[in-house]
Amino acid sequence: AEIATENVAAKGSTSSNLNMNLYATKKTAAEGMLDIALFLANITHMKTVIEQGAGYRYYVAVLTLISFSLALQIVAGILIIIIARRDVSEEVNQKRLDSMNNITTILVFLIFVTNIFISVFGMERTGLFPRMHF
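Note on numbering: residues in each chain are counted from 1, in written sequence order. Only residues with pLDDT of at least 70 get local features here, since the model is predicted, and only at 80 or more are side-chain atom pairs given and counted; chain-wide, interface and lining totals rely on the full set of residues. Remark: hydrogens and water are excluded; side-chain values derive from all non-hydrogen atoms of the structure.

1. Brief notes about the overall build of the protein
Secondary structure elements follow DSSP: runs of H or I of four or more residues count as helices, runs of E of two or more count as strands, with numbering from the N terminus. Scanning the protein for helices and strands turns up three helices and zero strands. Taken from N to C terminus, the helices and strands of the protein fall in the order α-α-α. Working definition: with a 1.4 Å probe on protein chains only, accessible area under 20% of the residue-type maximum means buried, over 50% means exposed, and in between means partly exposed. Here the protein holds 134 residues, and 25% of them are scored as buried. The contact criterion used is simple: two residues touch if any of their non-hydrogen atoms lie within 4.5 Å. Taking the contacts inside the protein whose residues are at least 6 apart along the sequence as the reference set, 70% of them involve residues at least 24 apart. When the accessible surface of the protein is summed, it comes to about 9400 Å², and 67% of that surface belongs to carbon and sulfur atoms. For the accessible areas, the method is Shrake-Rupley and the probe is 1.4 Å, while residue cover comes only from the protein chains on display.

2. A short note on the UniProt feature "transmembrane region" (unreviewed entry) in the protein
Using the residue numbers shown here, the UniProt feature "transmembrane region" (unreviewed entry) corresponds to residues 56-83 and 103-123. Counted over residues 56-83, helix gives 89% and strand 0%. Its end C-alpha atoms are 41 Å apart. UniProt positions are given in the numbering used here, feature names are shortened, and annotations may be inferred rather than shown by experiment.

3. Digging into the nonpolar core
M46, V49, Y56, Y59, V62, L63, I66, L70 and I118 form the largest nonpolar core, which has nine residues in total. For this core, the secondary structure elements donating two or more residues are helix 1 (2-52) and helix 2 (59-85). With five residues, the single largest contributor to this core is helix 2. Apart from the residues lying within four places of it in its own chain, the contact partners of L63 are M46, V49 and I50. Of all hydrophobic cores here, the second largest spans eight residues; its members include A76, L79, M100 and I111. Joining through side-chain atoms within 4.5 Å is the link that ties buried Ala, Val, Leu, Ile, Met, Phe, Trp, Tyr and Cys residues into a set, and such a set is a nonpolar core.

If you want it as structure tokens, here you go:
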């Protein structure tokens, strides 16, 4: 009975390591897909702003913020690819992956805040709030 219990425990720990790595890979892939979607949305927004021209006061600010957001997204995307290619179950990689994951989280937060400002400054020409005058 003791041997059977040890085998189950050993199989459970191996299975849990594999599941942890699978979870981390799926999480990183999902984060990458969301980053791509936001990247494409920002490119579309930038195209719209450029097509509208410099006819409103926040033109340069919005283009600068979108460019900053796109640059952050490229860096975050590269980090996501690097993280996805590493094995989280290997102890050698864990400390480096943890710090890379923290950096990616900070970048995603900065992208989020930047896109809030893009939305606020970009509302003048979108017609989202027609009664408000900027």
